[in-house]
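Analysis of the macromolecular model
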Amino acid sequence: MDKIASFTVNHIDLKTGVYVSRKDYLGQVVLTTFDLRYTRPNVEPVMVTAGVHSIEHLGATFLRNHEEWKDRVIYFGPMGCRTGFYIILAGDLESKDIIPLLREMTAYILDYEGDIPGYSPRDCGNYLDNNLEMAKYYQRKYKAEVLDNPTEDRLVYPK
């Protein structure tokens, strides 16, 4: 079998960032998958699942309700390696195109108080595995390292 695209990325030199992972075509529609890398692979500790889970719930809620982007959001969820998230958006997009959206999502998560959306046994398969403070910690880190000053080396995969 062929190696899939995500396993060809140079994870040794990969920094936290916003990267175009791939572009797929569904008829005339371009689907752009972004790699939202929150931690440095194999350098920093992986994110704890409770923080990841809370970002997933809050991020998906925010994105699917965003006035401008909600109809273009195909998917938002964590990477299995727990170093970040994937977001798939309809459109032929580049990393810089979604920085404002990610800044808004980050502000939403950082300002969020109260029960996490879907925080019940009826709504989630593992609802007790949530941690809003860890989610906010990861978002502050991502904001400082990537979103506050998105440099080219954090927007384009390393060779």
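Right above here is the structure, for reference.
Quick look at the structure, then.

Turning next to the pattern of salt bridges. Scanning the entire structure with this criterion turns up 11 salt bridges. Lysine 136 is the salt-bridge partner of glutamate 113, the closest N and O atoms lying 2.9 Å from each other. Pair noted here: glutamate 113 is in the loop between helix 2 (95-111) and helix 3 (132-147) and lysine 136 is in helix 3, with a separation of 23 residues, a long-range link. Lysine 136 gets classed as buried once you look at its relative accessible area, which sits at 4%. A network of salt bridges, in which partner residues are shared, links Lys23, Asp92 and Glu94.

Attention now moves to the nonpolar core. Among soluble globular proteins, nonpolar side chains are generally buried collectively. Val18, Leu36, Tyr38, Leu89 and Ile98 are the most contacted members of the largest nonpolar core, which totals 32 residues. Listing elements by their share of this core, those giving two or more residues are strand 2 (29-37), helix 1 (49-65), strand 3 (73-78), strand 4 (84-90), helix 2 and helix 3.

Orientation of helix 1 relative to helix 2, taken along the N-to-C sense of each, is 125°, at an axis distance of 10 Å. For the element pair helix 1 / helix 2, the angle class is oblique. In the crossing of helix 1 with helix 2, the sense of the turn from one axis to the other is right-handed. Between helix 1 and helix 2, the residues in contact are Ile55, Leu58, Gly59, Thr61, Phe62 and Leu63 and Leu101, Glu104, Met105, Tyr108 and Ile109, respectively.

It is worth spelling out helix 1 at this point. Look at helix 1: 24 Å from first C-alpha to last across 17 residues, which is about the 24 Å you get at 1.5 Å a residue. Residues of helix 1 that are buried include every one of Ala50, Gly51, Val52, His53, Ser54, Ile55, His57, Leu58, Gly59, Phe62 and Leu63, and no others. On its buried face, helix 1 sits against strand 3, strand 4, helix 2 and helix 3.

We now examine the side chain of histidine 57. Summarising the element assignment, histidine 57 is placed in helix 1. Looking at histidine 57, its side chain comes within polar contact range of the side chain of histidine 53, at 2.9 Å. Once you skip the residues sitting within four places of it in the chain, histidine 57 turns out to touch Ile116, Pro117, Gly118 and Cys124.

By secondary structure assignment, the location of aspartate 35 is in strand 2. Residue class for aspartate 35 comes out buried when judged on its relative accessible area of 0%. Only 2.8 Å separates the side chain of aspartate 35 from the side chain of tyrosine 157, close enough to count as a polar contact. Residues contacting aspartate 35, with those up to four places away along its chain left out, are Leu14, Gly17, Val18, Tyr19, Ser21, Met79, Phe85, Tyr86 and Tyr157.

Moving on, we come to unusual backbone geometry. Its identity as a non-glycine residue notwithstanding, asparagine 42 has a phi of 60°, on the positive side. Along the chain, asparagine 42 falls in the loop between strand 2 and helix 1. Residue asparagine 42 is classed as exposed on the basis of its relative accessible area, which comes to 76%. Positive phi values are uncommon outside glycine, yet arginine 82 reaches one of about 60°. Mapped onto the secondary structure, arginine 82 falls in the loop between strand 3 and strand 4. In this structure arginine 82 comes out as partly exposed when scored by relative accessible area, which is 31%.

How each quantity is defined
- Residues numbered from 1 in each chain as written.
- Predicted model: local features only at pLDDT ≥ 70, side-chain atom pairs only at ≥ 80, totals over all residues.
- Heavy atoms only, no water.
- Salt bridge = Lys/Arg side-chain N within 4 Å of Asp/Glu carboxyl O.
- Helix = DSSP H or I, 4+ residues; strand = E, 2+ residues; numbered from the N terminus.
- Buried < 20%, exposed > 50% of the residue type's maximum accessible area, 1.4 Å probe, protein only.
- Core = buried A, V, L, I, M, F, W, Y, C linked by side-chain atoms within 4.5 Å.
- Axes fitted to C-alpha atoms, helices over the stretch in contact; angles between N-to-C directions.
- Parallel < 35°, antiparallel > 145°, perpendicular 65-115°, else oblique.
- Left-handed = near helix turned anticlockwise from the far one by under 90°.
- Contact = heavy atoms within 4.5 Å.
- Expected span 1.5 Å × (residues − 1).
- Polar contact = N/O pair within 3.5 Å; in protein donor to acceptor, adjacent residues only side chain to side chain.

This is a description of form; function is not addressed.
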